Amino acid sequence: MKQLKLYFKGFNRLFGRAPKSSLQKQLEAVEAIRKGQPKRLSAVFGEVIDTRMLRKKPGERNRAFTRETVFWAALGEVFWGGSCRAALQEIQQARIEEGLDALSASTSSYCTAKKERMDEADLKAILVKLGKDLADQNGMLWRGRRIYAVDGTGVALADTHANQEEYPQPGEQKSGCGFPVMQLVVLQDLASGSMLDFVDSPLNVSETSMFCAGALFESLPKDSVMVFDRHYCSYLNIAQMLTLGIHSVSRLHQGRKVDLPPYVREVVA
């Protein structure tokens, strides 16, 4: 085995380097953004992220921290380890390049603007539009049908009083020793892997009720297929989707006993 590895290593040296993995390419792209010039994020992602809804509205007064400026800076915090100071430096350098006056070095104004101008509805609309565009670009179908999936997950939030009130932490954790958790039920396009929509709630709300109340499947095309685990396997969910022409694939709930006809048992076996 060792000789085989050495052989392939020598082969790659003679005829070129081994192709980079997707993970290597992604890590290199992230590192390039981190070391890039001001406004690098908007240059890289501006073609795929539609921020027109964040632009200044007619009659809105001029501000240093516009909604679009704050959006790109907040996105940059993801690449810079969540640092408000790094995000502010990005804004400062961009202003200098445009010949504008520098802002205060304090991050308080930026942090306040981020809380006030990052509207949840606008951010969700951007996410949904991006997911739909990615899904539309991927034409891979299964027997002429689009395949979707739905599942639940949880997201730990900042430990603030407002978050604790709206999204209480798990009951098994002692008060003051955990973080508030937001529960999500997510609709995903399996061909592209993009998130198409989501519904959020506290942990004490059933995922099935979130799935029904959020109507995540109402916008899906007819004859598409929804894949989900046994937690969503209910007559109500299946019947609602069938009325819209949407097929479903799922394992039966463990508490439901079904006596399948002999010919179906043979197919399943």
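Keep in mind it's a predicted model, so treat the numbers as computed, not measured.

Thresholds, definitions, all that
- Residues numbered from 1 in each chain as written.
- Predicted model: local features only at pLDDT ≥ 70, side-chain atom pairs only at ≥ 80, totals over all residues.
- Heavy atoms only, no water.
- Pairing = 2+ DSSP bridges.
- Helix = DSSP H or I, 4+ residues; strand = E, 2+ residues; numbered from the N terminus.
- Axes fitted to C-alpha atoms, helices over the stretch in contact; angles between N-to-C directions.
- Contact = heavy atoms within 4.5 Å.
- Parallel < 35°, antiparallel > 145°, perpendicular 65-115°, else oblique.
- Nonpolar A, V, L, I, M, F, W, Y, C, P; charged D, E, K, R; others polar.

Draft legend 1. The arrangement of the sheet that holds strand β4 (residues 225-228) in detail. As summarised here, the arrangement of the five strands in space is β3-β2-β1-β4-β5, forming an open sheet in which the pairing is mixed. The open sheet has two edge strands, β3 (195-201) and β5 (247-250), and neither has a second partner. Averaged over neighbouring strand pairs, the angle between their axes works out to 25° when direction is ignored. Of the strand pairs in this sheet, strand β1 (residues 147-156) and strand β2 (residues 181-189) are connected by nine bridges, and their pairing is antiparallel. Bridge assignment links glycine 154 to a residue of β2, and that residue is glutamine 183. Of the strands in this sheet, β2 and β3 touch helix α7 (residues 120-137), which is tilted by about 145° from β3.

Draft legend 2. Local environment of the packing of helix α4 (residues 67-79) against helix α6 (residues 108-117). For the pair α4 and α6, interaxial distance at closest approach is 10 Å and the crossing angle is 105°. When the interaxial angle is binned, α4 and α6 end up roughly perpendicular. For the pair α4 and α6, contact is made by Arg67, Val70, Ala73, Ala74 and Glu77 and by Tyr110, Ala113, Lys114 and Arg117, respectively. Looking at the contact of α4 with α6 residue by residue, the class counts come to five nonpolar, no polar and four charged.

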